[in-house]
Amino acid sequence: MWHLAVQEASSWMMCINLNRMPLTTKMTKQKIALLLLLATAGSQTSCRERPYRLATELAPRGWAYRITFKGKPMIYQAQIPAVQGYYPFRNEADARRTGALVLQKLEDGQLPAVSIAEIDSLRLTR
Amino acid sequence: MQKGKLFGWMLAAVVLSACSKSDDTEDENNGNWKELPEMSASPRSEAVAFVIGDTAYVGTGFDGEKQLRDFWKYNPANGWSQVASLPAAAAARSSATAFVIDNKAYIGTGFDGRVRLNDFWSYSPATGGWEQKAPLVGPDPTISLARRDAVSFTINGKGYVATGSDGAGTKDVWMYDPAGDKWFTRQSFGGSKRTEAVAFVLGQNAYIVTGTNNSELKNDMWVYDAAADNWTQKNKIANVLDDSFDDEYNIVCSQAVAFTANNKAYVVTGTGNSISKATWEYDGVTDRWTKVRDFEGAARYGP
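Note that the structure is predicted; figures quoted are calculated from it, not measured.

Residues and elements named next belong to chain B. Taken together, the side chains of D242, D243, D247 and E248 make up a negatively charged region of the molecular surface. The topology assignment puts D242 in the loop between β18 (230–233) and β19 (257–261). D242 gets classed as exposed once you look at its relative accessible area, which sits at 83%.

This is the structure we're talking about:
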């Protein structure tokens, strides 16, 4: 389920990029080839405008995820949520898996809080 | 049981930015509200909020179905980050109260969906973790001091918890000393029993105002001198005098939010005759209220 969410998250980001490219713009062959590559690699799902976006990035310690809502910053998570103390995400996959869970909650209209039990089930590297 | 069901999330953030004007909708000179990132489409009510240094924290509350234990901090550039949740040994709760002493927040009392609570927990941003503290217990431990919708404030490194509901309104006042992790009896609130009031501190004095009891909204306001352990009444917050200064006063409400900035106190939103977005500014020197710019978000109550 999470893999699906992650895949979708990355694919619709590419969708947006494509959509913003005016069709009438003159493009070089390389650009068109690159776009086609991105399109086939990225969009297995239909292109939909979604208000929430998930992205991961390197943090001062370890990894972090960001969730934006209609382009505005909403959540920035550079520590494993809910657990006592400050534990960074040790790798990009951990940050993305956790962020995908939060994204799913938001898209389902729930509060974006993650519980200790959910963190345990994500089996993050500590 | 739950009355409030509105949007707790934004408020702390909005409050933090209340004194910084933005350019887009500036008018006159009576302040401006600026919208900051929402937490989610799903609302939470009866949360607690506190500020440590420059960072606002919001947590616990009620989402319409269950009591909550999560806590979040707000950073203007990045948005919200979820920090450590209230530990499993603590009940998830709403209608709790919080005060901050020496960069640690103390959160306690409240309602777990079945019973009112008297336990206290401390959060330290230095460690990112929670510690259990002494529960609110008086000299006679057989008398339960468990309550919800209390107010709290901090003066001179001591935390105070006052009023709230133990099933009915209360007026007792308790002082917490973090050095000994102990609670002490203080002079009871000078006004009548109440719940869902607000408290704020100007200078070395704490004020308690608004609130309700037995469906009656309270119009009296009292100031607490911590050194003398004494309550003194101030002017009422309704048009009760022949003088003209209170002619426009329409401040009575419950479940409002209070904060201070630049030595003035602000009481915002709440529920009175209708759910409010009014903002009132209080000057402790002159003992006068001024209506300033309305809160620009949706009218609300139940922080």
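Attention shifts here to the confidence of the model for chain B. Residues and elements named next belong to chain B. On average, residues of chain B score 88 in pLDDT, and 89% of them reach the 70 mark or higher. Below a pLDDT of 50 lies the segment residues 1–27, which in the model reaches 80 contacts outside its immediate sequence neighbourhood of four places, other chains included. We note a pTM of 0.82 for the whole complex and an ipTM of 0.84 for its interfaces.

If you look at the biggest cluster of nonpolar residues, it comprises 27 residues, and the most contacted ones within it are Y65(A), I67(A), I75(A), V102(A), L106(A) and I119(A). Elements that contribute at least two residues to this core include exactly β1 (52–58), β2 (63–69), β3 (72–77), α3 (92–107) and α4 (116–122) of chain A together with β3 (67–75) of chain B. Other than its neighbours up to four places away in sequence, V102(A) contacts Y65(A), I67(A), I75(A), P112(A) and V114(A). The next biggest cluster of nonpolar side chains, apart from the first, holds 18 residues, and it includes V223(B), I237(B), Y249(B) and A265(B).

Let us now look at the sheet that holds β18(B). Residues and elements named next belong to chain B. If you trace the four strands from one edge of the open sheet to the other, you get β13-β14-β17-β18, paired in antiparallel fashion. Each end of this open sheet is capped by a strand with a single partner; those strands are β13 (198–202) and β18. Within the sheet, the average angular offset between the axes of one strand and its neighbour, ignoring direction, is 25 degrees. Bridge count for β13 against strand β14 (residues 205–209) is five bridges, and the pairing is antiparallel. Bridge pairing in β14 places L202 opposite N205.

Moving on: the packing of aromatic side chains. Within the structure shown, the criterion is met by 30 aromatic pairs over all chains. Arranged with centres 5.7 Å apart and planes meeting at 50 degrees, the rings of Y65(A) and F89(A) form a pair that is tilted. Residue Y65(A) is found in strand β2, and its partner F89(A) is found in the loop between β3 and α3; the two are separated by 24 residues along the sequence. Here Y65(A) falls in the buried class, since its relative accessible area comes to 1%. Judged by its relative accessible area of 0%, F89(A) falls in the buried class. Here the aromatic rings of Y57(B) and Y123(B) are separated by 5.7 Å at their centres, their planes lie at 55 degrees, and the arrangement is tilted.

Conventions adopted
- Residues numbered from 1 in each chain as written.
- Chains lettered and ligands numbered in written order.
- Predicted model: local features only at pLDDT ≥ 70, side-chain atom pairs only at ≥ 80, totals over all residues.
- Heavy atoms only, no water.
- Patch = residues over 30% accessible without salt bridge, like charges linked within 9 Å, V, L, I, M, F, W, Y side chains within 5 Å.
- Areas by Shrake-Rupley, 256 points an atom, 1.4 Å probe, with all protein chains shown as cover.
- Salt bridge = Lys/Arg side-chain N within 4 Å of Asp/Glu carboxyl O.
- Lys, Arg positive; Asp, Glu negative; His and termini not counted.
- Charge placed at Lys NZ, Arg CZ, Asp CG, Glu CD.
- Helix = DSSP H or I, 4+ residues; strand = E, 2+ residues; numbered from the N terminus.
- Buried < 20%, exposed > 50% of the residue type's maximum accessible area, 1.4 Å probe, protein only.
- pLDDT = per-residue confidence, 0-100.
- Contact = heavy atoms within 4.5 Å.
- Core = buried A, V, L, I, M, F, W, Y, C linked by side-chain atoms within 4.5 Å.
- Pairing = 2+ DSSP bridges.
- Axes fitted to C-alpha atoms, helices over the stretch in contact; angles between N-to-C directions.
- Phe/Tyr/Trp six-rings, centres within 6.5 Å; stacked < 30°, edge-to-face > 60°.

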